[in-house]
Amino acid sequence: MRSVWALAAMATLSVLTASTATLAGEPKQGGILRMYHRDSPANASILEGATYSINVPFMGVFNNLLIYDQHIAQNSPDTLRPDLAESWSWSSDNKKLTFKLRQGVKWHDGKPFTSADVKCSFDLLMGKSQQKLRQNPRKAWYSEVNEVTTNGEFEVTFDLKRPQPSLLAMLASGYTPVYPCHVSPADMRTHPIGTGPFKFVEFKANESIKLTRNPDYWKKGLPYLDGIEYTIITNRSTAILAFVAGKFDMTFPTHITIPLLKDIKSQAPNATCVVEPTNVSTNIIVNSSSAPFDNIDIRRAMALALDRKAFVDILFEGQGDIGGTMLPPPQGIWGMPKDRLETIPGYGRDINANREEAKKLMQKAGYGPDKHLAVKVSTRNIAEYRDPAVILIDQLKSIYIDGELDVVETANWFPKVARKDYMLGLNLTGNSVDDPDQSFYENYSCGSERNYTNYCNKEIEKLFDVQSQETDIKKRRPLVWDIDKKLQEDVARPIIFHARAGTCWHPYVKGVTIMSNSSYNGFRYEDVWLDK
Amino acid sequence: MFAYLVRRLFLMLVTLFGISVVIFFLLRIVPGNIVDILFAAAGYVDPADKANLEKELGIDRPLIVQYWHWIGGFLRGDFGYSYVSEKPALQEILPRIPITAKLAGLALLFSASIGIPLGVISAVKQGTKLDYALRVVSLSGLSLPSFWLGLLILTASVAMFGQMPIFNPNPKTWLEAFATYAVPAAAVGFRSAALTMRITRSSMLEVLRQDYIRTARAKGASEAAVNYHHALKNAILPVITVIGIEAAFLIGGLIVTETVFNIPGVARFLVEAIRWRDYPIVQNLVMFIAVVVVFANFTVDMLYAVFDPRIRYTD
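Residues numbered from 1 in each chain as written. Chains lettered and ligands numbered in written order. Predicted model: local features only at pLDDT ≥ 70, side-chain atom pairs only at ≥ 80, totals over all residues. Heavy atoms only, no water.

**Topic: the domain arrangement of chain B**
All names here are of chain B.
Stage number 1. Along its sequence, chain B is organised into domain 1 (2-94) and domain 2 (97-307).
Stage number 2. Here the C-alpha centre of domain 2 lies 32 Å away from the C-alpha centre of domain 1.
Stage number 3. The interface of domain 1 with domain 2 comprises 31 residues on the first partner and 24 residues on the second.
Stage number 4. If you sort the residues of domain 1 by the area they bury against domain 2, Met12, Leu27 and Ile93 come out on top, with a joint share of 23%.
Stage number 5. Seen at the junction of domain 1 and domain 2, the total is zero salt bridges.
Stage number 6. Elements that contribute at least two residues to the side of domain 1 that touches domain 2 include exactly helix H1 (2-29), helix H2 (34-42), helix H4 (63-76) and helix H5 (89-93).
Stage number 7. With twelve residues, H1 is the largest single contributor of residues to the side of domain 1 that touches domain 2.
Stage number 8. Residues belonging to the side of domain 1 that touches domain 2 are distributed by class as follows: 23 nonpolar, five polar and three charged. (Domains from an automatic or database assignment. Contact = heavy atoms within 4.5 Å. Buried area = accessible area lost by both parts, 1.4 Å probe. Salt bridge = Lys/Arg side-chain N within 4 Å of Asp/Glu carboxyl O. Helix = DSSP H or I, 4+ residues; strand = E, 2+ residues; numbered from the N terminus. Nonpolar A, V, L, I, M, F, W, Y, C, P; charged D, E, K, R; others polar.)

**Examining the packing of aromatic side chains**
Stage number 1. Going through the model one piece at a time under the given rule, you end up with 31 aromatic pairs over all chains.
Stage number 2. Aromatic side chains Phe24 of chain B and Tyr67 of chain B sit 5.3 Å apart centroid to centroid with 80 degrees between the ring planes, which places their arrangement in the edge-to-face category. Here Phe24 of chain B is found in helix H1, whereas its partner Tyr67 of chain B is found in helix H4, with 43 residues between them in sequence.
Stage number 3. In this structure Phe24 of chain B comes out as buried when scored by relative accessible area, which is 1%.
Stage number 4. An aromatic cluster is defined as three or more aromatic residues linked by ring pairs; in this entry it consists of Phe24, Phe25, Tyr67, Trp68, Trp70, Phe74 and Phe79 of chain B.
Stage number 5. When the ring centre of Tyr175 of chain A is taken as origin, the NZ or CZ atom of Arg138 of chain A, which lies over that ring, is 3.6 Å away. (Phe/Tyr/Trp six-rings, centres within 6.5 Å; stacked < 30°, edge-to-face > 60°. Buried < 20%, exposed > 50% of the residue type's maximum accessible area, 1.4 Å probe, protein only. Lys NZ or Arg CZ within 6 Å of the ring centre and 35° of its normal.)

**Focus: the packing of helix H8 (residues 146-161) of chain B against helix H9 (residues 174-208) of chain B**
Residues and elements named next belong to chain B.
Stage number 1. Running from N to C, H8 and H9 cross one another at 145 degrees; their axes reach a closest spacing of 9 Å. Our pair here, H8 against H9, has a crossing hand that is right-handed. Mapping the contact onto sequence places Ser146, Leu149, Gly150 and Ile153 in H8 and Val183, Ala187, Val188 and Phe190 in H9.
Stage number 2. Its residues assigned to classes, the contact of H8 with H9 comprises six nonpolar, two polar and no charged. (Axes fitted to C-alpha atoms, helices over the stretch in contact; angles between N-to-C directions. Left-handed = near helix turned anticlockwise from the far one by under 90°.)

**Examining the packing of helix H6 (residues 97-124) of chain B against helix H7 (residues 129-143) of chain B**
All names here are of chain B.
Stage number 1. For the pair H6 and H7, interaxial distance at closest approach is 8 Å and the crossing angle is 140 degrees. One way to sum up the angle between H6 and H7 is to call them oblique. Handedness of the H6/H7 crossing: left-handed. Between H6 and H7, the contacting residues are Leu118, Ile121 and Ser122 on the first element and Leu130, Asp131, Leu134 and Arg135 on the second.
Stage number 2. Along the lines of polarity and charge, the residues of the contact of H6 with H7 split into four nonpolar, one polar and two charged. (Parallel < 35°, antiparallel > 145°, perpendicular 65-115°, else oblique.)

**Here we look at the sheet that holds strand E15 (residues 495-505) of chain A**
Residue and element names in this part refer to chain A.
Stage number 1. Pairing is mixed in the open sheet, where five strands are placed in the order E13-E12-E14-E11-E15. Pairing within the sheet leaves two strands with one partner each, and these edge strands are strand E13 (401-408) and E15. For this sheet, the mean angle separating the axes of adjacent strands, direction not counted, is 30 degrees.
Stage number 2. Both strand E11 (residues 272-286) and strand E14 (residues 424-430) contribute to a ladder of seven bridges, which runs antiparallel. For Val280, the partnering residue across the bridge sits in E14 and is Gly430.
Stage number 3. Of the strands in this sheet, E11 and E15 are in contact with helix H7 (residues 258-267), which crosses E11 at around 165 degrees. (Pairing = 2+ DSSP bridges.)

Here it is, written out as structure tokens:
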């Protein structure tokens, strides 16, 4: 009898323990997530911006048609999830993409969301609407879209000139929120209205950004947080000290450099920190329209002189990635495998052999130990640009190139690049989605506004279109690798490395996932919660 | 005295006009404008979009037209709109002024209340261990850059107390409000205090050797009366001059201190506005600072007359 009671007591205890454990893991409602922001964004309009300084605080104000799963670090076609669209389908010829829209969704000002808003947003992006965005950096993303048509209040169709499966990737980016028709682009810059989990409260330039919970959010029970407050702290040391002192629950995403991460871990050992690739490549832009880099031998010699591992070791204590245009695997889904990468000139492991070959090319071009080539290496006056430029200059010395650092203020950087007033430039290129279309067309197609070097190869451009229309990812991948290899061999924009950066949060912050192949898509924060 | 006042006021107006011209044209000489920066941030340049934006902001017009538009607005109290936030410039500038004013005021107070007494003590105790110690402290104040001192204070606070004296925009008590400003004010005021102390010391040493000080002592005046009533009153003129100049120099220190302590004052805001080439903010803010500095100098000149009856501002 006694043993029966004992068994019953044990059973009750285990049930209680199990239920308590479940409760402890269940998300809690409430609390303000406090984060610092690395700088003061120009405005609050994601569609007009091209920096994640805007995406991070304002992505939670909006919804997209579809979105990358916010809890899977690697964005891929398999992690696309419905958002304002309940479902989507392609026509049999893959030239029409139809979205069925969610009903009962309201904008933060109470007006209903309909298909007209979707059409307005994309007409705005394609430059077809009467109202204009002050800046439209991603207009090229929609160059294959003929028009967007509505089919009643809750259906829209994207009519394409040709199949483009990558369109879904671009629509899922944090850069592609749906804007309301009834709010002007100017108002969206100062007081954004969205359908998202958080409502905009205020943005004080150089001070703070505040969001509050949207109680009418169409996902019932979300968000868990009562709000998010970003304090703008431009001084990185102050920001990190404030995080360590507990003034903030989380650092600004991917803002912590590898050396600083050690400081944080030593001062706040309980903090959770992750290091992920940012999908921002550091590369060299070469002015091949004038001497001396109009000579392909000199361009190739320069590419051969690069010791990429040295860059990664010095700047990231070994925690960076070497690859081509596309982010290398395993985080990147389109990057070349290592064995294939190493067949590209300059990527081989024997740096000395590469440099000997480079020296021969330089001598062929008329330079040598007694006659060095003097070049200016221009770059923006920001540490992320300046530091690798200094290493580059050092490495170029090994092949008779004497580099001189030419530091350019941000305001003058793009005008300088646009008027081709440089020889070599050290540049950073951020990819908002890990997708070949976004990267190839934006950076390497003839006439693209972001193709700073004006590299133009019609043969390769045809290959861009071939890969772009391929719907089978397994068939598309080798096509992308071939293009990437050709771009590196052409020294179109030699990629030096792909950066990694850290993000930290205190252990009571739950539900945060840092994306591993994009820095632009993971800031909805609707199911982030505080275990306090 | 009245004629002098009128002449000084007229000179002030001429100075301010000159400053307005210099600010306006210097800003335009600096390469790049807000439109360049916006496109740099967007990573592309579209000539048509760029031209539209320049037209929208009015920076495509001839410089002289832009100048008259600004100065006319300034005189009418219309300060224009920030290019970045698109809010009225005044709305952006005004809330930040009291923050910097409190910080600057407290820093000057720190500078005077620490620097003058310690300078007097150092002079009176010349050649003693205390004098040497105070001179070392003042030298360190002059040597330590305020950004470094600020970071040191923050790091020490976190390491020792697990707390950080970072700006609190909504202090609940006056003590909290005082604490918000006291640490950064001390960081920025330390250099001024050191300078004030050194000037006070050297000025006091000179005065203490004067005949009338010996006479005062001979008449049986107490040491305190001699030092503070007779000597300090005569030694204070150069100190006031230095404090007046320091008030202007303080802006430079405040930029750094506001950045390190993350204080949303005008000094940091000004740097950000320059970075963005936000002309309406920079021009109006610099004009405001110029007015403050010109008036501060004017006040110092007037204080000379109060403290030194020998000075007569007559024609």
